[in-house]
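Spelled out, the chains give:
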Amino acid sequence: MFFRLPGKLKGKGVDEAKIDALRERTPEPVRDRVPPGQFVTNGWPVLHYGSVPRFDPKTWSFKVWGCVANPIELDYQAFRALPQLETTADIHCVTRWSKLGMSWEGVPMRHILDMVQPTSSARFVIAHAEAGFTANVPFEAILDEDVLLAHRADGHDITAEHGWPLRLVVPSRYFWKSAKWLRGLEFTTHDRPGFWEQNGYHNDADPWKEERHW
Ligand SMILES: Nc1nc2c(c(=O)[nH]1)N[C@H]1C(S)=C(S)[C@@H](COP(=O)(O)O)O[C@H]1N2
Ligand SMILES: [Mo]
């Protein structure tokens, strides 16, 4: 029912007319969920900079610090004991594919916020991942109920390439802000553009406004 990613639409030199045509052919009930310049795919491409990190449950930890009343540091077992939520969300990759109705399971960001109690000076969240990767997200964006620290997608454990054991999922922004191999969250007053944001991608990254580059 949906369309596969035509290889030549990836990257630069995008054929806008072709993407619009694909978008037009998207079945009516879901077309409204496809942002401008995007088309629907069934596949799930793997995209990241660098190599897939190794996971060791003995040394893994998850930290939250910065503008919070209660900083935390949890080992893997403690993290997995946190409450879980299952959500359904669409994801939109800046390379033009959208994947609709994915199911995600993980710890709701709302629960993390309850635990750490961000202070009134928290305006941004910096997601910290393995190998020094960061992504910055405006504080308002993480308040959505479907923001998860996920370990399962579409009924399976997330694979190593897609971010095992933990990835951020922020459905309201292009998917590059959804850091894979997440190890911590830092709440800040001042913004600090992350890896892709420093490499030309838009700071706010709202797919409905087509905030791709800046
Ligand atoms: N740690 C880390 N997370 C990352 C990236 C990365 O380079 N490193 N790339 C981002 C980009 S550009 C995209 S499009 C998505 C891709 O996620 P996927 O491989 O699960 O589709 O992961 C994001 N998360
Ligand atoms: Mo990306």
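Predicted model only: the values in this text are computed from it and were never measured.

1. Topic: the overall build of the chain
Helix and strand counts for the chain come out as four helices and 11 strands. The principal-axis extent of the C-alpha atoms belonging to the chain is close to 50 × 35 × 35 Å. Taking all 214 residues of the chain together, the buried fraction comes to 49%. Considering only intrachain contacts with a sequence separation of at least 6, the fraction spanning at least 24 residues in the chain is 67%. Carbon and sulfur atoms make up 51% of the accessible area of the chain, which totals about 10,400 Å². Here the chain holds 26 positive side-chain charges and 28 negative ones, and the gap between their average locations is 5 Å.

2. Quick notes on the confidence of the model for the chain
Summing up the model confidence of the chain, the mean pLDDT is 92 and the portion of residues at 70 or higher is 94%. Low pLDDT, under 50, characterises residues 1–11; the predicted model gives this stretch 31 contacts beyond four residues in sequence or across chains.

3. Here's the deal with the site of ligand 1
Pro-45, Tyr-49, His-162, Arg-167 and Lys-180 are the nearest of the 19 residues found near ligand 1. One of the side-chain N or O atoms of His-162 is found 2.6 Å from an oxygen atom in ligand 1. The contact in question runs from an oxygen atom of ligand 1 to an N or O atom on the side chain of Arg-167, over 2.6 Å. Protein chains bury 96% of the 530 Å² of accessible surface belonging to ligand 1 in isolation. In terms of residue class, the shell around ligand 1 is built from 14 nonpolar, three polar and two charged.

4. Section: the pattern of salt bridges
Tallied over the entire structure, the rule returns 10 salt bridges. As a salt-bridge pair, Glu-16 and Arg-96 come within 3.2 Å of each other at their nearest N and O atoms. Pair noted here: Glu-16 is in helix H1 (residues 16–24) and Arg-96 is in the loop between strand E4 (85–92) and strand E5 (97–108), with a separation of 80 residues, a long-range link. For Glu-16, a relative accessible area of 41% corresponds to the partly exposed category.

5. Remarks on the packing of aromatic side chains
Considering all chains together, one arrives at 16 aromatic pairs under this definition. For the ring pair Phe-133 and Phe-195, a centre distance of 5.7 Å and an interplane angle of 40° mean the geometry is tilted. Placement of the pair is Phe-133 in the loop between strand E6 (124–129) and strand E7 (134–138) and Phe-195 in the segment after strand E11 (182–188), with a sequence separation of 62 residues. Both rings, one in Trp-196 and one in Tyr-201, keep their centres 5.6 Å apart while their planes meet at 85°; by these two values the pair is edge-to-face. For Trp-196, a relative accessible area of 24% gives the class partly exposed. In textbook terms, an aromatic cluster arises when at least three aromatic residues are bridged by ring pairs, as seen for Tyr-49, Phe-133, Tyr-174, Trp-176, Phe-195, Trp-196 and Tyr-201.

6. Considerations on the sheet that holds E7
One open sheet holds the five strands; their spatial order is E3-E2-E11-E6-E7, and the pairing between them is mixed. Every other strand in the sheet has two partners, leaving strand E3 (72–75) and E7 as the edge strands with one partner each. Between one strand axis and the next, the sheet turns through 15° on average, direction left out of account. Of the pairings in the sheet, the one linking E6 to E11 comprises six bridges and is antiparallel in character. When the bridges of E11 are listed, Val-125 appears paired with Phe-187.

Conventions we followed
- Residues numbered from 1 in each chain as written.
- Chains lettered and ligands numbered in written order.
- Predicted model: local features only at pLDDT ≥ 70, side-chain atom pairs only at ≥ 80, totals over all residues.
- Heavy atoms only, no water.
- Helix = DSSP H or I, 4+ residues; strand = E, 2+ residues; numbered from the N terminus.
- Buried < 20%, exposed > 50% of the residue type's maximum accessible area, 1.4 Å probe, protein only.
- Contact = heavy atoms within 4.5 Å.
- Areas by Shrake-Rupley, 256 points an atom, 1.4 Å probe, with all protein chains shown as cover.
- Lys, Arg positive; Asp, Glu negative; His and termini not counted.
- Charge placed at Lys NZ, Arg CZ, Asp CG, Glu CD.
- pLDDT = per-residue confidence, 0-100.
- Near = heavy atom within 4 Å.
- Polar contact = N/O pair within 3.5 Å; in protein donor to acceptor, adjacent residues only side chain to side chain.
- Nonpolar A, V, L, I, M, F, W, Y, C, P; charged D, E, K, R; others polar.
- Salt bridge = Lys/Arg side-chain N within 4 Å of Asp/Glu carboxyl O.
- Phe/Tyr/Trp six-rings, centres within 6.5 Å; stacked < 30°, edge-to-face > 60°.
- Pairing = 2+ DSSP bridges.
- Axes fitted to C-alpha atoms, helices over the stretch in contact; angles between N-to-C directions.

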